[in-house]
Amino acid sequence: MDIEVKENFEIKNLTTFKIGGKVKRVFFPKSEDEFVYLLNETENPLILGSCSDILFSSEGYDGDVILTSKMRGLTFDGKRFYAECGVKGSELSVLALKNSVSGFEFMSCFPGSIGGNVYMNAGAHGQAISDTIISAHVFDLKNKNVKTLTKEELELSYRKSILQNGDYILISAEFEGVKSTQEEISKRIEENKASRSATQPSLKYPNAGSVFKNPENNSAGKLLEEIGAKSFKVNDAEVWQNHANFIVNKGNATSEDVLELMYKMYSCVKEKQGIKLKPEVKFFGKRSDREEEICRILY
Ligand SMILES: Cc1cc2nc3c(=O)[nH]c(=O)nc-3n(C[C@H](O)[C@H](O)[C@H](O)COP(=O)(O)OP(=O)(O)OC[C@H]3O[C@@H](n4cnc5c(N)ncnc54)[C@H](O)[C@@H]3O)c2cc1C
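Note that the structure is predicted; figures quoted are calculated from it, not measured.

Definitions and cut-offs
Residues numbered from 1 in each chain as written. Predicted model: local features only at pLDDT ≥ 70, side-chain atom pairs only at ≥ 80, totals over all residues. Pairing = 2+ DSSP bridges. Helix = DSSP H or I, 4+ residues; strand = E, 2+ residues; numbered from the N terminus. Core = buried A, V, L, I, M, F, W, Y, C linked by C-beta atoms within 7 Å. Buried ≥ 20, exposed ≤ 12 C-beta atoms within 10 Å, placed from the backbone. Contact = placed C-beta atoms within 7 Å. Domains from an automatic or database assignment. Nonpolar A, V, L, I, M, F, W, Y, C, P; charged D, E, K, R; others polar.

**Student:** Could you give an account of the pairing of strand β11 (residues 133-140), naming the residues involved and the relevant values?
**Tutor:** Pairing geometry for β11 and strand β13 (residues 168-175), over seven bridges, is antiparallel. Looking at β13, one finds that His-137 is bridged to Ser-172. Where β11 lies against strand β12 (residues 145-150), six bridges are found, and the strand directions are antiparallel. If you follow Phe-139 over to β12, its bridge partner there is Val-146. Counted between consecutive antiparallel strands, the loop separating β11 from β12 contains four residues, among which Lys-144 sits at a positive phi close to 55 degrees.

**Student:** Tell me about the nonpolar core, and please be specific about residues and values.
**Tutor:** Residues Val-118, Leu-170 and Val-258 are the most contacted members of the largest nonpolar core, which totals 76 residues. In terms of residue count, helix α7 (residues 255-273) provides more of this core than any other element does, seven residues in total. When residues no more than four places from it in sequence are discounted, the contact partners of Leu-170 are Cys-85, Gly-115, Val-118, Tyr-119, Ala-136, Val-138 and Leu-163.

**Student:** Which residues make up the environment of Gln-127, and what values go with them?
**Tutor:** Along the polypeptide, Gln-127 turns up in strand β10 (residues 127-128). Along the chain, Gln-127 and Leu-92 lie 35 residues apart, while their C-alpha atoms are 14 Å from each other. Those residues in contact with Gln-127, other than ones at most four positions away along the chain, are Gly-103, Glu-105 and Phe-106.

**Student:** Could you give an account of the domain arrangement of the protein, naming the residues involved and the relevant values?
**Tutor:** Considered domain by domain, the protein is made up of domain 1 (4-67), domain 2 (74-185) and domain 3 (220-298). Sorting the residues of the side of domain 1 that touches domain 3 by element identifies β4 (54-56) and β5 (61-67) as the ones contributing at least two each. Here the side of domain 1 that touches domain 3 takes three residues from β4, the largest share from any one element. For the side of domain 1 that touches domain 3, the class distribution of residues is seven nonpolar, four polar and four charged.

So this is what it looks like as structure tokens:
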């Protein structure tokens, strides 16, 4: 197969954090066939979609990455939406709006792909992937075959899915929403966007969304605000001034700067509030000694 591949590829500009060194090989499959071929032929590849929930090592990665961003198949048959893993959630949201279907409004506000969104059971503004997903076509890494998982088999809960166990890779998924009016859907999208722009950084300020997950019945942002995290920074990695659960890259932040800052945020909340925050952002790639030390505590 003639699959696009780039060697010694600097991944930084593909990540929303604008951080990351060189990757040995990055593959860009354009179809399900190409993706399945790569999943069969490469050893332990790292699968990435929009790279909006990750911190990639500034020292790079000596392995294979499969980037799904060119797998863009998206259709609607009058009842269900079918989306390949590289489709952006915002594209699904637009197609749902055009067809007067509600349930996907939340996805218009952040950059995640369908693969990343299902992996994380992404959610916002009272909606989540688990509300509309019907089934998922996955590659079973153990048995090296393609199968379908039902919604129940995906074991979706707050920012969790069975994909996180590492046995399956999402190829595509089917969704079904509820009928509404374009007016209602547009209104909800505009409200979501307005509430976000008041508190969260746009991608003009490179970031990877919420740094820590919300502890049960609590808010990571609130806990961090209470300990004064909004003034924390490590070199060019700074806590966002309007929301203490976001870190922005002010220019030349490295992965070690971000991890050092995360460690500072984590340690202060643990010391002053007695709560151990769990990172939502995932770290990939080579680790310096200090990064290894911090990751052992945080992850
Ligand atoms: C400004 C901003 C706002 C955000 N707001 C929200 C929000 O409101 N709610 C929310 O939930 N998230 C939010 N996020 C975080 C992020 O967009 C989501 O977590 C999204 O689901 C990640 O998707 P992705 O394609 O970028 O995944 P990536 O960052 O590329 O990968 C994330 C994880 O998913 C895995 N993965 C990706 N594709 C596949 C696949 N096909 N099969 C198996 N595993 C896969 C990767 O291996 C990795 O472990 C925000 C991020 C930003 C930058």
